[in-house]
Each structure stands twice: as structure tokens, then as C-alpha cells.
Amino acid sequence: MFDRIHHVAIICSDYARSKRFYVEILGFKIVREEYREDRRSFKLDLRIEDQYQLELFSFPNPPSRPSSPEACGLRHIAFEVEDVKDTSRRLNDLGVTVEPIRVDEATNKFFTFFRDPDGLPIEIYER
């Protein structure tokens, strides 16, 4: 029925800060950016390699995301990387705080988390 994930949409509280984080720090490529006057909202489409798209939205005064303790809804997004230790080190060098690296008990693969500017948990998981 389903082939793969088409995109993930994120609403941010500070568009410029989040755009900088996802484009300049994480390295996503801009596909399209538009300002929708009727919604007073930016929509930024970002490409991850050639497979997936991340949509970054801004809306006036969005409510905070309850995440601690964890709330119902989307828990986190995860990205596959070649080397979790190397990616973690590179993120730290860019000023991103990364949690300690753990091992998935089911697969014995390395993984860890960091957060975007609004506190959205992002996982990196070793290929």
C-alpha cells in the first residue's frame, strides 16, 4: 500500500533560526521557499539527498510542543548516517549538543539524539 515516506513537516517558532539550522548546520538543500501572505507563513521545502523532503513551516505564535514528559503524537524523526560517532562529532563541532551515543539492543547499531532549535528530537541511526 505505501512505498516510502514522502516528506516530514515541521512547524518552527523562529523561521530564520530554524532555516539556518536545517540548511547551514545540517546541510539540507533548498528545493523551494515561499511566503504565503494569506497565512502569514513561510514554507521551505528541503531535500535530503534525492529521496526525502523536509517541509519547514512558520506560523504566527504556534503553541509549544510538549515533549517532556513525552506526549502523544510524533515522537521524533530519524536520519540514517554512515557513522554515528563521526556525525556526532561533526554536529558538536558545529555547536549542536548531542546526547551520548547508545547501542540499539535489537540491532547492535549505534544511535543518538540531538534537538532542533524548537526542541524537536532528531535521531541519527547508523546504517
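Our structure's up above, just so we're on the same page.
Quantities reported herein were computed from a predicted structural model and do not represent experimental measurements.

Chemist: Would you mind going over the layout of surface pockets in detail, with residue names and values included?
Modeler: The computed volume of the largest pocket comes to approximately 980 Å³. Secondary-structure elements contributing two or more residues to the lining of the largest pocket are β1 (7–12), β3 (41–48), β4 (52–58), β5 (77–81) and α2 (84–93). Looking at the lining of the largest pocket element by element, the count peaks at 5 residues for β5. Taken as a whole, the second largest pocket spans an internal volume of roughly 370 Å³. If you trace the second largest pocket, you find 13 residues lining it, with Ile10, Ile11, Cys12, Pro63 and Arg65 closest to the centre.

Chemist: Requested: an account of unusual backbone geometry, with residues and values cited.
Modeler: In the Ramachandran plot, Glu49 falls in the positive-phi region, its phi being about 55° despite a non-glycine side chain. By the secondary structure assignment, Glu49 is in the loop between β3 and β4. What makes Glu49 exposed here is its relative accessible area of 63%. The phi torsion at Asn108 lies on the positive side, around 65°, for a residue other than glycine. For Asn108, the position within the fold is in the loop between β6 (102–103) and β7 (110–115).

Chemist: Could you give an account of the pattern of salt bridges, naming the residues involved and the relevant values?
Modeler: This structure, assessed with the given rule, holds 12 salt bridges. Close ionic contact of Lys19 with Glu33 constitutes a salt bridge, the shortest N to O distance being 3.1 Å. Taken together, the residues span a long stretch of sequence, with Lys19 in helix α1 (residues 15–25) and Glu33 in strand β2 (residues 29–36) at a distance of 14 residues. Taking relative accessible area as the criterion, Glu33 reaches 36% and is therefore assigned partly exposed. A salt bridge links Arg47 to Asp50; its shortest N-O distance comes to 3.6 Å. Overall, Asp50 belongs to the exposed group, its relative accessible area being 71%. The structure contains a network of salt bridges with shared partners spanning Arg32, Lys43, Asp45 and Glu55.

Chemist: Requested: an account of the nonpolar core, with residues and values cited.
Modeler: Ranked by size, the top nonpolar core spans 23 residues in total, and within it Tyr22, Leu54 and Phe114 carry the most contacts. The set of elements that each furnish at least two residues to this core consists of β1, α1, β3, β4, β5, α2 and β8 (121–126). When residues in this core are grouped by element, the largest group, 4 residues, is from α1.

Basis of the calculations
By convention here, each chain's residues receive numbers from 1 onward along its written sequence. Note on the predicted model: pLDDT of at least 70 is required for a residue's local features to be given, and 80 or more for side-chain atom pairs to be given and counted; whole-chain, interface and lining totals, by contrast, use all residues. Only hydrogens and water are set aside when side-chain values are computed; all heavy atoms of the structure are taken into account. The rule is simple: put a 1 Å grid over the protein atoms alone, call a set of points where a 1.4 Å probe fits but cannot get out a cavity, call an open set with protein on both sides within 12 Å along at least five of seven lines a pocket, and count a residue as lining if it has an atom within 4 Å of a point. Grid points are joined across faces, edges and corners, and a volume is the space filled by probe spheres set on the points. Helical segments are the DSSP runs of H or I of at least four residues, strand segments are the runs of E of at least two, and each set is numbered from the N terminus. Relative accessibility under 20% of the residue-type maximum defines a buried residue, over 50% an exposed one, and the middle range a partly exposed one, all with a 1.4 Å probe and only protein chains included. Between Lys or Arg on one side and Asp or Glu on the other, a salt bridge is scored when a side-chain nitrogen of the former is within 4 Å of a carboxyl oxygen of the latter. For this analysis, a nonpolar core means a set of buried residues of the types Ala, Val, Leu, Ile, Met, Phe, Trp, Tyr and Cys, connected via side-chain atoms within 4.5 Å.

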